[in-house]
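# Understanding the architecture of this molecule
Spelled out, the chains give:
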Amino acid sequence: MFKDSYKNAMMIYVVQMVLIVILVNNNFMKNLDVFQPKNQELFRIFIGILIFILNVFSIFVLRDLYAKNKEERQFLINSIRFKYIEEQNRIYRQNHHDIKNHLIVISELVKEKRYSELENYLSSYIEEIDKNLVTINTAVNEIDILLYSKINNAKSKGIEVYFKCDTQIQCHKKHVLNLVSVLGNLIDNAIEACDEMEKDKYIAIDIKEDPIDYIFHIKNRYDFQKDVEPSIFFEEGFSTKEGRGRGEGLYIVRNIVEKYRGEIKVKTQGGYFDVIVEIPKFSLEGD
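Keep in mind that this is a model prediction, so the values were computed, not measured.

## Some remarks on the overall build of the protein
A count of helices and strands for the protein gives seven helices and five strands. Its helices and strands in sequence order give the protein the pattern α-α-α-α-β-α-β-β-α-β-β-α, from N to C terminus. Residue burial in the protein is summarised as follows: out of 287 residues, 34% are buried. Sequence-distant contacts, at least 24 apart, represent 65% of the contacts inside the protein between residues at least 6 apart.

## Observations concerning the packing of helix α4 (residues 141-156) against helix α5 (residues 173-195)
It is at 10 Å that the axes of α4 and α5 come closest, and there the two elements cross at 10°. In terms of orientation, α4 and α5 fall into the roughly parallel class. Between α4 and α5, the residues in contact are Glu142, Ile143, Leu146, Leu147, Lys150, Asn153 and Ala154 and Val176, Leu179, Val180, Leu183, Gly184, Ile187, Asp188 and Ile191, respectively. Across the contact of α4 with α5, the residue classes break down as 10 nonpolar, two polar and three charged.

## Quick notes on the pattern of salt bridges
For the structure shown, the criterion picks out eight salt bridges. For Glu258, the salt bridge goes to Arg254, with nearest N and O atoms at 3.9 Å. With Glu258 and Arg254 both in helix α6 (residues 249-259) and four residues apart, the pair spans about one turn of that helix.

## Structural notes on the pairing of strand β3 (residues 213-221)
Burial of β3 is extensive: eight of the nine residues sit out of reach of the surface. As paired elements, β3 and strand β5 (residues 272-280) share nine bridges and run antiparallel to each other. Among the inter-strand pairings, Asp213 is bridged to a residue of β5, identified as Pro280.

## Description of α4
Taking 1.5 Å of rise per residue, 16 residues should cover 22 Å, and α4 covers 23 Å from first to last C-alpha, within 8% of that figure. Among the residues of α4, Glu142, Ile143, Asp144, Ile145, Leu146, Leu147, Tyr148, Lys150, Ile151, Asn152 and Ala154 are the ones counted as buried.

## Focus on the confidence of the model for the protein
Looking at the protein, the pLDDT average stands at 78 and 74% of residues meet or exceed 70. Mean pLDDT in the protein bottoms out at helix α1 (residues 2-28), which sits at 68, and peaks at strand β2 (residues 202-209), which reaches 94. In this model residues 243-247 is a low-confidence stretch, pLDDT under 50, and it forms nine contacts with partners more than four residues away in sequence or in other chains.

## Observations concerning a nonpolar patch on the surface
A grouping of Met10, Tyr13, Val14, Met17, Val18, Ile20 and Ile22 is seen on the molecular surface, where their side chains present a nonpolar patch of about 600 Å² in accessible area. Along the chain, Met17 falls in helix α1. In this structure Met17 comes out as partly exposed when scored by relative accessible area, which is 38%.

## Section: the pairing of strand β1 (residues 160-165)
Of the strand pairs in this sheet, β1 and β2 are connected by six bridges, and their pairing is parallel. Looking at β2, one finds that Lys164 is bridged to Asp206.

## Digging into the sheet that holds β5
Consider a sheet: its strands pair through backbone hydrogen bonds, and that pairing is either parallel or antiparallel. Read from one edge to the other, the open sheet built from five strands follows the order β1-β2-β3-β5-β4, with strand pairing classed as mixed. For this open sheet the edge positions go to β1 and β4 (263-269), each flanked by a neighbour on one side alone. Taken over all neighbouring pairs, the strand axes of this sheet differ in orientation by 10° on average, direction set aside. Along the sheet, α4 makes contact with β1 and β2, crossing β1 at roughly 160°. Contacts from α5 reach β2, β3 and β5 within the one sheet, and its direction differs from that of β3 by about 15°.

## Regarding the environment of Leu109
Secondary-structure assignment places Leu109 in helix α2 (residues 40-111). Ignoring anything within four residues of it in the chain, the contact list for Leu109 reads Arg114, Glu117, Leu118 and Tyr121.

## A short note on the nonpolar core
One broad trend across soluble globular proteins is that nonpolar side chains are buried collectively. In terms of nonpolar packing, the biggest core is built from 41 residues, with Leu147, Ile169, Leu179, Leu186, Ile205 and Phe216 touching the most fellow members. Looking at this core, the elements with two or more residues in it are α4, β1, α5, β2, β3, α6 and β5. Sorting elements by how many residues they give to this core places α5 first, with 10 residues. Within the second largest apolar cluster, eight residues are counted, among which are Leu19, Ile47, Ile51 and Val61.

The rules behind each value
- Numbering of residues starts from 1 in every chain and runs along the sequence as written.
- Residue-level local features of this predicted model are given only where pLDDT is at least 70; pairs of side-chain atoms are given and counted only at 80 or more, and the full residue set underlies all totals for whole chains, interfaces and linings.
- To get the side-chain values, all heavy atoms of the structure are used, and hydrogens and water are removed first.
- Strands here mean DSSP runs of E at least two residues long; helices mean DSSP runs of H or I at least four residues long; both are numbered from the N terminus.
- For each residue, the accessible area found with a 1.4 Å probe, counting protein chains only, is set against the maximum for its type, and the residue is called buried under 20%, exposed over 50%, and partly exposed in between.
- Whether two residues touch is decided by their heavy atoms; if any such pair falls within 4.5 Å, the residues are in contact.
- Between N-to-C directions, angles span 0 to 180 degrees; the directions come from axes that are lines fitted to C-alpha atoms, helices contributing only their stretch in contact.
- Any angle between 65 and 115 degrees counts as roughly perpendicular, while under 35 counts as roughly parallel, over 145 as roughly antiparallel, and the rest as oblique.
- Side-chain classes are defined by residue name, with Ala, Val, Leu, Ile, Met, Phe, Trp, Tyr, Cys and Pro counting as nonpolar, Asp, Glu, Lys and Arg as charged, and the others, Gly among them, as polar.
- By convention in these notes, a salt bridge is any Lys or Arg side-chain nitrogen within 4 Å of a carboxyl oxygen on Asp or Glu.
- Strands were regarded as paired on the criterion that DSSP finds at least two bridges between them.
- For a helix, the expected span equals 1.5 Å multiplied by the residue count minus one.
- Across the chain, each position has a pLDDT score giving the predictor's confidence in that residue, from 0 to 100.
- Patch membership needs two things, relative accessible area over 30% and no salt bridge, and members are linked within 9 Å if like-charged or within 5 Å if nonpolar (Val, Leu, Ile, Met, Phe, Trp, Tyr).
- For the accessible areas, the method is Shrake-Rupley and the probe is 1.4 Å, while residue cover comes only from the protein chains on display.
- We define the nonpolar core as a collection of buried residues of types Ala, Val, Leu, Ile, Met, Phe, Trp, Tyr and Cys that are connected through side-chain atoms lying within 4.5 Å of one another.

Right under this line is the structure:
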């Protein structure tokens, strides 16, 4: 349906242009008396009515395009929420199984009165829970869902993740998907870089603000074989890895950040890939 509406809009535009060209050409050729209809007034009225009808019809087509676009955006948001629910369900099943096993061990230690071992076991268990527990509250549900899913995905790959958020993001609904795209691509890039390392897999995600900007800082370990000028990473098609279809994520990030009049800073020193994205608050908060 969306494609049909787009085709209709293009067809209306083309027909309008043809009619306008005919009308202009008719007026231009008037002095030469070339390609002139017998009844000029009737011809102009007919062309004018056609153009008016097409303009009116185009309003309905554009409204349909707008509605389809809203549906598409809502579908993307719902897909993000579905992934979050799916991830929550997976974590629940995993924790349910783990807790049952831990309770069995604790029960046996209590029965055998091995309190010293029980204390050590509980300490280790609590430490493991604290390490895996991540609290995310950016004030934007879609961003919370994205971060929760990405962080758990990274941890499942054996990547140590540090997360910190010192702000509450005020973001208009129409800008949420773009912000999701920026953070999603940056974190995916970080996970992919860490996943190819044998050790020292580490990602830090820091979200904060200053009086003017929201600041998104993503830092990860990397092991590129050659030094690359930082700005090159955001060129279309650039990738440190072979394969078709790579090198688009950071290019998309750059375009979105520039659209919001933001700034990207990149450093590649000491075995770290360090990206800082600054987006003006007014760009995200305004409609």
